[in-house]
Amino acid sequence: FFSSRRRHTRLQGDWSSDVCSSDLVVRKGAVMKKIEAVIRHHKLDAVKAALHQIGVAGITVIEARGFGRQKGHTETYRGVEYTVDLLPKIKIEVAVSDRTASKVIETISNASRTGEIGDGKIFVTDLVECVRIRTGETGEGAL
């Protein structure tokens, strides 16, 4: 299955500048973005509703734990004090076309903002390819 030679496979379309990975030829210069947002738990419903309102078709939600400037806190349980270093957060992943990315970022930011430390972060990366498994459709059409 895996060989030292690279296999060149075209999925759909005729691309002028290609990059060859082990099993897939993909376009240089992404036309899609992957937006990852780490937010507070209680802001999830507001963010989902806001994204639905602007027409985002699908999101992935992952429960996460971490810390930033907030650095955790201490809790007391049955008289014993515990330090909670990693705070529970929600990570949302959204794949969108390049032209709608700024609107999605603005929507997530506005819906999740409380103005306090610990509101979260938004990360944006280029998404080189997307494949809908069921149909084999690629690119923006697979979003």
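Computed from a prediction, not measured in an experiment: that's the story for all the values here.

**Looking at the side chain of Ser97**
At step 1: For Ser97, the location among the structural elements is in strand β7 (residues 87–97).
At step 2: Sequence-distant contacts of Ser97, defined by excluding residues within four places in its chain, comprise Val31, Met32, Glu140 and Leu143.

**Observations regarding the pairing of β7**
On a regular strand, one side chain projects to one face of the sheet and the next to the other, so that they alternate.
At step 1: With eight of eleven residues buried, β7 is to be regarded as a mostly interior element.
At step 2: Inspection of the sheet shows strand β3 (residues 32–39) paired to β7 by eight bridges, in the antiparallel sense. Residue pairing in the sheet places Ile35 in a bridge with Val94 of β7.
At step 3: For strand β4 (residues 60–66) and β7, the ladder comprises seven bridges, and the chain directions are antiparallel. The residue of β7 that forms the bridge with Val61 is Ile92.

**A word on the sheet that holds β3**
Strand pairing within a sheet occurs via backbone hydrogen bonds; the two strands may be parallel or antiparallel.
At step 1: One open sheet accounts for four strands, arranged β4-β7-β3-β8; its pairing is antiparallel. In this open sheet, the two strands that pair with only one neighbour each are β4 and β8 (120–127). Each strand of the sheet is rotated relative to its neighbour by a mean of 25°, with strand direction disregarded.
At step 2: With eight bridges joining them, β3 and β8 adopt antiparallel strand pairing. The partner of Ala37 across the bridge, within β8, is Ile122.
At step 3: Contacts between helix α1 (residues 44–53) and the sheet are confined to β3, β4 and β7, with β7 contributing the most and set at about 10° to the helix.

Reading the values: the criteria
- Residues numbered from 1 in each chain as written.
- Predicted model: local features only at pLDDT ≥ 70, side-chain atom pairs only at ≥ 80, totals over all residues.
- Heavy atoms only, no water.
- Helix = DSSP H or I, 4+ residues; strand = E, 2+ residues; numbered from the N terminus.
- Contact = heavy atoms within 4.5 Å.
- Buried < 20%, exposed > 50% of the residue type's maximum accessible area, 1.4 Å probe, protein only.
- Pairing = 2+ DSSP bridges.
- Axes fitted to C-alpha atoms, helices over the stretch in contact; angles between N-to-C directions.

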